[in-house]
Amino acid sequence: MSALVIDSLEVVFGAFRALDGLSLAVDPGEVRAVIGPNGAGKTTLLDAITGIARPRSGRILLGDGRDLTQASEAEIARAGVRRKFQKPSVFPALTVRENLGLGCGPDCPARERPVRLARALAETGLEARASVPAGALAHGEKQWLEIGMVLASEPRVLLLDEPVAGLSDDETARTAELIGALRRPDRAILVIEHDMAFVEAVADRVTVLHEGRTLFEGAMAGARADARVIDVFLGR
Ligand SMILES: Nc1ncnc2c1ncn2[C@@H]1O[C@H](COP(=O)(O)OP(=O)(O)OP(=O)(O)O)[C@@H](O)[C@H]1O
Ligand SMILES: [Mg+2]
């Protein structure tokens, strides 16, 4: 059974079809990368999953059968679907620990809170930076904090939009390790990224999006060898 099912999803902006009948299914425990050229619809997919963009048709389902297609942003978040946005949005005046507390969310159980924060600090490697204001962090650390904020809510579906954009090679390698460590049998991870070496390191399978549709799905090695993928994306 899949953890997340996108079925024939269509999202339109006026006359423009940003998602044009897109279908994909992510398994529990899987790390799936969604790749493709600028404007392919990758961020729009996350907007639809998180309730920011309303599909015109199609469905978004969780593994337990819950239909999120018409759910509100808050309902979707409560169902355990959490997202790291393309642009980091940590609160600079608050400490790392305080930011993680916010990530835990308004209905974060008080008893679990310290455990979750400690786990998020450990998983992101930010323990030594817990009391530092987020504004004083390096760009890479801000990205990890933002991932930590999502983790503090214990997501079942973790959505990451360009987690290594602007990171150094070292920071990118650390982020790949971090994402590898976030794999859990009861968690599906969907990551959008333009860095193909990173994608190859973290993803079980890739979905190549082009003009709101799936152009290819399978192992990264297969994508690299696919003539259409090379033509519209990798060869550019
Ligand atoms: N709110 C909106 N209103 C109108 N058009 C939009 C809106 N959001 C996205 N689009 C358009 O939909 C298309 C897909 O955009 P999207 O942001 O999903 O692409 P992307 O694959 O994430 O690209 P990138 O790699 O540059 O982040 C683009 O042509 C974009 O201009
Ligand atoms: Mg995008």
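Within every chain, residues take consecutive numbers counted from 1 along the sequence as written. In the order they appear in the text, chains get letters beginning with A and ligands get numbers beginning with 1. Totals for whole chains, interfaces and linings use all residues, but because this is a predicted model, local features are given only for residues with pLDDT of at least 70 and pairs of side-chain atoms are given and counted only at 80 or more. Only hydrogens and water are removed before side-chain values are computed, so all heavy atoms of the structure are retained for them.

## A look at the packing of helix 5 (residues 139-151) against helix 6 (residues 169-182)
How two helices pack is summed up by the angle between their axes together with the distance between the axes. Basically, it comes down to this: To get an axis, a line is fitted to the C-alpha atoms, and for a helix only the part in contact is used. The angle between two axes follows their N-to-C directions and goes from 0 to 180 degrees. Labels follow the DSSP assignment, with helices taken as runs of H or I lasting at least four residues and strands as runs of E lasting at least two, numbered in each case from the N terminus. When describing relative orientation, an angle under 35 degrees is termed roughly parallel and one over 145 degrees roughly antiparallel, while 65 to 115 degrees is termed roughly perpendicular and anything else oblique. Here, residues are in contact when the closest pair of their heavy atoms is within 4.5 Å. Only Asp, Glu, Lys and Arg are considered charged, only Ala, Val, Leu, Ile, Met, Phe, Trp, Tyr, Cys and Pro nonpolar, and every remaining residue, Gly among them, polar.
Two elements in contact, helix 5 and helix 6, have axes whose closest approach is 10 Å; the angle formed by their N-to-C orientations is 10°. Between helix 5 and helix 6, the interaxial angle falls into the category roughly parallel. Seen from helix 5, the contacting residues are Gly-140, Trp-144, Ile-147 and Leu-151; seen from helix 6, they are Glu-171, Arg-174, Thr-175, Leu-178 and Leu-182. Grouping the constituent residues of the contact of helix 5 with helix 6 by class yields 5 nonpolar, 2 polar and 2 charged.

## Considering the sheet that holds strand 6 (residues 157-161)
The pairing of strands in a sheet happens through backbone hydrogen bonds and is either parallel or antiparallel. The condition that has to hold: Two strands qualify as a pair provided DSSP detects at least 2 bridges between them.
Strand order in the open sheet formed by 6 strands is 5-6-7-3-8-9, and the pairing between neighbours is mixed. In this open sheet, the two edge strands, each paired with only one partner strand, are strand 5 (81-84) and strand 9 (213-218). Neighbouring strand axes in the sheet, compared pairwise and without regard to direction, differ in orientation by 20° on average. Across the sheet, helix 9 (residues 227-234) lies against strand 3 (31-35), strand 8 (205-210) and strand 9, angled at about 120° from strand 9, the strand it touches most.

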